[in-house]
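Analysis of the macromolecular model
Given next are the chains, with one letter for each unit.
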Amino acid sequence: MPRRPYTAAEAIAALQARGTQKNLDGMARFGINVESAFGVSVPDIRAVAGGIIPDHALALALWDCGIHEARIMAAFVDRPQWVTPQQMDDWTTAFDSWDVCDQICGNLWDRTPFVGEKIREWSTDERQFVKRAAFATIAWRAVHDKRTDDSNFIGYLPMIRDASTDDRNFVKKAVNWALRQTAKRSATLHGPCLALAHELASSTDKTARWIGSDAVRELDGAAVRMRLGL
């Protein structure tokens, strides 16, 4: 089916029609904030977005409506070249659920021209989902950004180390994710990341130990080494 323009009202109605109580209950069990949600799966959000012509103004309107799934869909109908630093800050400071954070970071933020500076800014922010956004974006960027030299990712390791003692669940899991995905990006990055994982695994801090130990278990695995040619 060819794409066509949508109004925000049309897009929201299309999402609402796909919502189910079963999905809503499942989202809640996974710690997703469902206060303003319809109960639409991410594949269904993508399916609706796939019929919409990309539109920056529509993305802004979908975000501003405050509906959970509409905010996720905003990342699918926007484009990185249209995003501004102010938009990144405005949306990121409004994150109130880990899934919205991760979908925006992995479908939009990690491809913007401002990604590096925003990661640095957010990595020291004390707001839980802003800080998570920094490390979720690192993780997604390690997967999606094939053009950036590996040396740029080495620069993220001190940020990971500094954040490794933050015991908030949504932060520590993102820090761990960033470390693992950076290591799996290339053979060049695997060694320094594994060394940091071992360092954290021997830390006196409980959260750092968990982050490091979990990363070591994955990064020392035969499958990862084989994929990287180690």
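1. Digging into the overall build of the protein chain
The secondary structure content of the protein chain amounts to 15 helices and 0 strands. Viewed in the frame of its principal axes, the protein chain has a C-alpha envelope of about 55 × 35 × 35 Å. Going through the 230 residues of the protein chain one by one, you find that 50% of them count as buried. Put simply, of all contacts in the protein chain between residues at least 6 apart along the chain, 70% involve residues at least 24 apart. Of the roughly 10600 Å² of accessible surface on the protein chain, a fraction of 53% belongs to carbon and sulfur atoms. Across the protein chain, the mean location of the 29 positive side-chain charges is 6 Å away from that of the 29 negative side-chain charges.

2. Examining the pattern of salt bridges
Evaluated as defined, the whole model comprises 17 salt bridges. The network of salt bridges with shared partners includes Arg-180, Lys-184, Asp-214, Arg-217 and Glu-218.

3. A closer look at helix α3 (residues 42-49)
Of the positions making up α3, those classed as buried are Ile-45, Val-48 and Ala-49. Taken end-on, α3 shows its buried residues confined to a sector of 100°, consistent with a single buried face. Tucked into the core, α3 has its buried residues touching α1 (8-16) and α5 (68-77).

4. Structural notes on the side chain of Ser-97
With respect to the element layout, Ser-97 can be found in the loop between α6 (85-93) and α7 (98-107). Judged by its relative accessible area of 1%, Ser-97 is buried. In terms of polar contacts, Ser-97 uses its side chain to reach the backbone amide nitrogen of Asn-33, at 3.0 Å. Among residues more than four places away in sequence, those in contact with Ser-97 are Ile-32, Asn-33, His-68 and Phe-129.

5. Considering the packing of helix α12 (residues 169-183) against helix α14 (residues 206-219)
Interhelical geometry of α12 versus α14 gives an angle of 30° and a closest axis separation of 10 Å. One way to sum up the angle between α12 and α14 is to call them roughly parallel. Crossing of α12 against α14: the hand is right-handed. Between α12 and α14, the contacting residues are Lys-172, Lys-173, Val-175, Asn-176, Leu-179, Arg-180 and Ala-183 on the first element and Thr-207, Trp-210, Ile-211, Asp-214, Ala-215, Glu-218 and Leu-219 on the second. Residues belonging to the contact of α12 with α14 are distributed by class as follows: 7 nonpolar, 2 polar and 5 charged.

6. With respect to helix α8 (residues 115-123)
Those residues of α8 lying buried are Val-115, Gly-116, Lys-118, Ile-119, Trp-122 and Ser-123. Buried residues of α8, seen end-on, are gathered within an arc of 165° and therefore sit on one face of the element. Those residues of α8 that are buried lie in contact with α6, α9 (128-144) and α11 (157-163).

7. What to know about the packing of α1 against helix α4 (residues 56-65)
The N-to-C vectors of α1 and α4 enclose an angle of 60°; their axes lie 9 Å apart at closest approach. Here α1 is positioned oblique relative to α4, judged by the angle of their axes. In terms of crossing hand, the pair formed by α1 and α4 is right-handed. Taken together, the residues of α4 that come into contact with α1 (itself represented by Ala-8, Ala-11 and Ile-12) are Leu-58, Ala-61, Leu-62 and Cys-65. Each residue belonging to the contact of α1 with α4 can be placed in one class, and the counts come to 7 nonpolar, no polar and no charged.

8. Digging into the packing of aromatic side chains
Per the counting criterion, the structure on display carries 6 aromatic pairs. Between the aromatic rings of Trp-63 and Phe-95, the centroid separation amounts to 6.0 Å while the plane-to-plane angle is 70°, which identifies the pairing as edge-to-face. Residue Trp-63 is found in helix α4, and its partner Phe-95 is found in the loop between α6 and α7; the two are separated by 32 residues along the sequence. Phe-95 matches Trp-63 in its accessibility class, with the two residues each being buried. Seen from their ring centres, Trp-140 and Trp-177 are 5.4 Å apart, and the 80° between their planes marks the pair as edge-to-face. On the criterion of sequence distance, the pair formed by Trp-140 in helix α9 and Trp-177 in helix α12 is long-range, its members being 37 residues apart. Following the ring pairs from residue to residue traces out a cluster consisting of Trp-63, Trp-91, Phe-95 and Trp-109. Its guanidinium or amino end placed over the ring of Trp-63, Arg-71 lies 4.1 Å from that ring's centre, counting from NZ or CZ.

The rules behind these values
- Residues numbered from 1 in each chain as written.
- Predicted model: local features only at pLDDT ≥ 70, side-chain atom pairs only at ≥ 80, totals over all residues.
- Heavy atoms only, no water.
- Helix = DSSP H or I, 4+ residues; strand = E, 2+ residues; numbered from the N terminus.
- Buried < 20%, exposed > 50% of the residue type's maximum accessible area, 1.4 Å probe, protein only.
- Contact = heavy atoms within 4.5 Å.
- Areas by Shrake-Rupley, 256 points an atom, 1.4 Å probe, with all protein chains shown as cover.
- Lys, Arg positive; Asp, Glu negative; His and termini not counted.
- Charge placed at Lys NZ, Arg CZ, Asp CG, Glu CD.
- Salt bridge = Lys/Arg side-chain N within 4 Å of Asp/Glu carboxyl O.
- Arc of directions from axis to C-beta.
- Polar contact = N/O pair within 3.5 Å; in protein donor to acceptor, adjacent residues only side chain to side chain.
- Axes fitted to C-alpha atoms, helices over the stretch in contact; angles between N-to-C directions.
- Parallel < 35°, antiparallel > 145°, perpendicular 65-115°, else oblique.
- Left-handed = near helix turned anticlockwise from the far one by under 90°.
- Nonpolar A, V, L, I, M, F, W, Y, C, P; charged D, E, K, R; others polar.
- Phe/Tyr/Trp six-rings, centres within 6.5 Å; stacked < 30°, edge-to-face > 60°.
- Lys NZ or Arg CZ within 6 Å of the ring centre and 35° of its normal.

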